[in-house]
Amino acid sequence: MKLIKEQIPMKEQPPEVRKKNFEEVPLGYTKEEAILEASRCIQCPVHPCVSGCPVHVDIPAFIKAIKEDKLQSAIDIMNETNLLPGVTGRICPQEDQCQALCVVGKVGDPVSIGRLERYIADWEFNKNQGKKRVSISKIDPTGRSVALIGSGPASLSCSVDLVKMGYSATIFEAFHKGGGVLTYGIPEFRLPKRIVNYEICFLQELGVSFVFDFLVGRTATIEDLFKRGFSAVFIGSGAGAPQFMRIEGENLDGIYSANEYLTRVNLMKAFKFPEFDTPIKKGKRVAVIGGGNVAMDAARTSLRMGAEHVYLIYRRSRNEMPARVEEVVHAEEEGIEFMLLTNPVKYIGDEKGFVKQVECLRMTLGEEDASGRKRPVPIEGSEFRIDIDQAIVAIGTLPNPIISITTPGLSIGRQGEILADADGNTSIKGVFAGGDIVTGSATVITAMGAGRTAAASIDRYLKEGS
Amino acid sequence: MFKIVRKNILGPEIVQMEIEAKNIAPVAKPGQFVILIVHEKGERIPLTIADRDNDLITIVFQVVGKTTTLLAKLAEGDFLCNVVGPLGNPTDIETFGRVICVGGGIGIAPVYPIARALKKKGNEVISIIGYRSKDYVFWEEKIRSASHRVIVTTNDGSYGFKGFVTDALKEMLNEHIDRVFTIGPTIMMREVSKLTKERNIKTVASLNSLMVCGMGMCGTCRVRVGGETKFTCFDGPDFDGHLVDFDELIKRLDTYKEEERISLETLRKEIQI
């Protein structure tokens, strides 16, 4: 059979339509499309894709099952290593991970592993009518409990493995809803909340307990958790502290961190104000600062909130943008106006304290910096102003410091990250950490991988350490 | 779920509630606050913890917008969807010497646990508490029990001294004062801080910024202190009153004035129907 060199495209909502709604953008593969795409995998013996995956999903095996239309066995293979394919199929940066190493990619497009992953996850979701009923083999309860801090991807994946091993797992979440960044950060049009809820309900069914409205560090310290009878603690509290540029006028009304803007919209449903009580400003001319996935999410969200112009201001060029290619393409298609090699230097406000302009400098690229990207250098005298009525700062987040400052003896790195070894061990015995709180802002799948690794370490610790 | 165990009306649109919060009450300290949600589509609002007793926390609030209107409608035995806390750093309570606690309006409630703790620590506590008029006076006895001297002011002179708390404070500052604590309307805290700055008396202001998360992840509550941006929920809520940019804070508090009006009007229409 002749190899199809191009990926089977996935149908999407047209840009003109989707930029006015919060519905998901890509619509998913049909069975025929999925089988055709699965047939592009040549089942090469080396399968480098697997080593490109942070949790080592058996990619050729699940794709083979799709090709043979054995979808239950495809999902079973997936669940061996990844219990959130509906999430990762949508938001993993596959082009930098599994697909980057695909052998087919050497002669044409790599196999669209992410889309196939999503296909089987959606198949399962529909089959179960939104309520997952998967029986996993649990060993006898060990009678020991583990506390997990934060309900984002790291804790979710860690908790599943712990429950499978016979531990009781309790997730403490400060917000009133679970999912962490999957819920407050990533917009509905990229990751429908029904998918996140589905996974959380599934975990609850497996026996994972969720305690909401509980901020570890304030409501109770890690030491208190041990006193309450937990035998080990996993910290998966993520990188939630927003960074600002510390430039003049940044506290003017109408300037948001991306976290605030997205939390208001996604978690608090401010896009349905006044049906929902949380307000948000609906900017007409919005500047979004940054070039990552969060910046794309914020820009595309503000478009859906009714903005007429959304300027994405990024200090380097398109090549250096850390965002997933798909997100950049979607943003461009929807009419986000990219202002590359541009950096804000100050905001100007009106007499009431609302932002009305941003002053920027043009940049040029210089030598490569420590990250391997070319360093942006300001062009002197190139100042210019843009009229705006809203700005969203999406220049990255740092690990949230609440736990580190309330846990004596916990070793912390220079950026506020918790220091943990490759197995997730921290400087305190019985305390483990993984995900963005350790690595700084990374990806959902990396956090899930770290959660799984930590679960294995916790198991070893509780068996040997006791 | 968080049960409303007791509810008292303290004055015009001023409501006190004692809420069951088993995880919060035993660990709450003076100066800390909670964030609560009144119903499923509700917003998150911060309220300072005014007292605690076993499993109960006390909050005192004034009905000003939609959320407080809905909250005030709840009765004893009703439940709140969500209460998270205690949030923020506790007030720094040490033996300072002679201290003044300046509370205004609804801010008088959170003054109480701070004054009590200061008194217990051996300070001479002078409390200056200001109300709009006699009808609005609440917790006077509690404040008296937590202070050595109390000066009550009302704007219209219908009870206690006529004038603002700052008028009373000005006189008091003729004595030797080691520290001032202030909680209340932002303008009041600004004026208190101005007065004490002239005499170089360290002043702690408990700020009431807008908030969403309460855990340092959103930055809604950012405030300029000594030229640096701080988060009220994480770095505060207490800050050096001489360093706070109150004018910026006042502007930020007004960000959603229009939305707050729409929200309240929509609610009033719904209630009428």
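Residues numbered from 1 in each chain as written. Chains lettered and ligands numbered in written order. Predicted model: local features only at pLDDT ≥ 70, side-chain atom pairs only at ≥ 80, totals over all residues. Heavy atoms only, no water.

(A) The arrangement of the domain arrangement of chain A in detail. Residues and elements named next belong to chain A. Once the domains are mapped, chain A shows domain 1 (15-127), domain 2 (145-240 + 399-465) and domain 3 (242-397). When each unit is reduced to the centre of its C-alpha atoms, the spacing between domain 1 and domain 3 is 31 Å. Domain 1 puts 13 residues into the contact, and the matching count from domain 3 is 13 residues. When domain 1 packs against domain 3, close to 1100 Å² is buried across both sides, 53% of that on carbon and sulfur atoms. If you sort the residues of domain 1 by the area they bury against domain 3, Arg18, Lys19 and Phe22 come out on top, with a joint share of 51%. Linking domain 1 with domain 3 are two salt bridges, by the criterion used here. Arg18 serves as the salt-bridge partner of Glu333, at 2.7 Å between the closest nitrogen and oxygen. Where domain 1 meets domain 3, there are nine residue pairs in polar contact (both at pLDDT 80 or more). (Domains from an automatic or database assignment. Contact = heavy atoms within 4.5 Å. Buried area = accessible area lost by both parts, 1.4 Å probe. Salt bridge = Lys/Arg side-chain N within 4 Å of Asp/Glu carboxyl O. Polar contact = N/O pair within 3.5 Å; in protein donor to acceptor, adjacent residues only side chain to side chain.)

(B) Representation of the packing of helix H8 (residues 153-164) of chain A against helix H10 (residues 193-206) of chain A in the model. All names here are of chain A. Between H8 and H10, whose axes approach to 10 Å, the crossing angle comes to 25°. As far as their axial angle goes, H10 and H8 are roughly parallel. In this structure, H8 meets H10 at a crossing whose hand is left-handed. Contacts between H8 and H10 pair Leu156, Ser159, Val160 and Val163 from the former with Ile200, Leu203 and Leu206 from the latter. Looking at the contact of H8 with H10 residue by residue, the class counts come to six nonpolar, one polar and no charged. (Axes fitted to C-alpha atoms, helices over the stretch in contact; angles between N-to-C directions. Helix = DSSP H or I, 4+ residues; strand = E, 2+ residues; numbered from the N terminus. Parallel < 35°, antiparallel > 145°, perpendicular 65-115°, else oblique. Left-handed = near helix turned anticlockwise from the far one by under 90°. Nonpolar A, V, L, I, M, F, W, Y, C, P; charged D, E, K, R; others polar.)

(C) Structural context of the domain arrangement of chain B. All names here are of chain B. We note that the domain assignment places domain 1 (4-87) and domain 2 (98-253) within chain B. Measuring from the centre of the C-alpha atoms in domain 1 to the corresponding centre in domain 2 gives 21 Å. Taken together, the connections running from domain 1 to domain 2 amount to two salt bridges. Asp51 serves as the salt-bridge partner of Arg116, at 3.1 Å between the closest nitrogen and oxygen. Counting every contact that joins domain 1 to domain 2 gives five residue pairs in polar contact (both at pLDDT 80 or more).

(D) Layout of the interface of chain A and chain B. Listed per partner, the contact involves 43 residues of chain A and 47 residues of chain B. Each partner contributes to the roughly 3700 Å² buried at the junction of chain A and chain B, and carbon and sulfur atoms together form 54% of this total. Contact with chain B buries area across many residues of chain A, yet Arg218(A), Asn251(A) and Asp277(A) alone supply 21% of it, more than any other trio. The tally of links between chain A and chain B comes to three salt bridges. The residue Lys66(B) makes a salt bridge to Asp277(A) at a minimum N-O spacing of 2.6 Å. Connecting chain A to chain B are 25 residue pairs in polar contact (both at pLDDT 80 or more). Those elements that place two or more of their residues in the side of chain A that touches chain B are strand E5 (241-242), strand E6 (255-257), helix H12 (258-267) and helix H15 (402-406) of chain A. Among the elements that line the side of chain A that touches chain B, the one with the most residues is H12(A), at four residues. Each residue belonging to the side of chain A that touches chain B can be placed in one class, and the counts come to 21 nonpolar, 10 polar and 12 charged.

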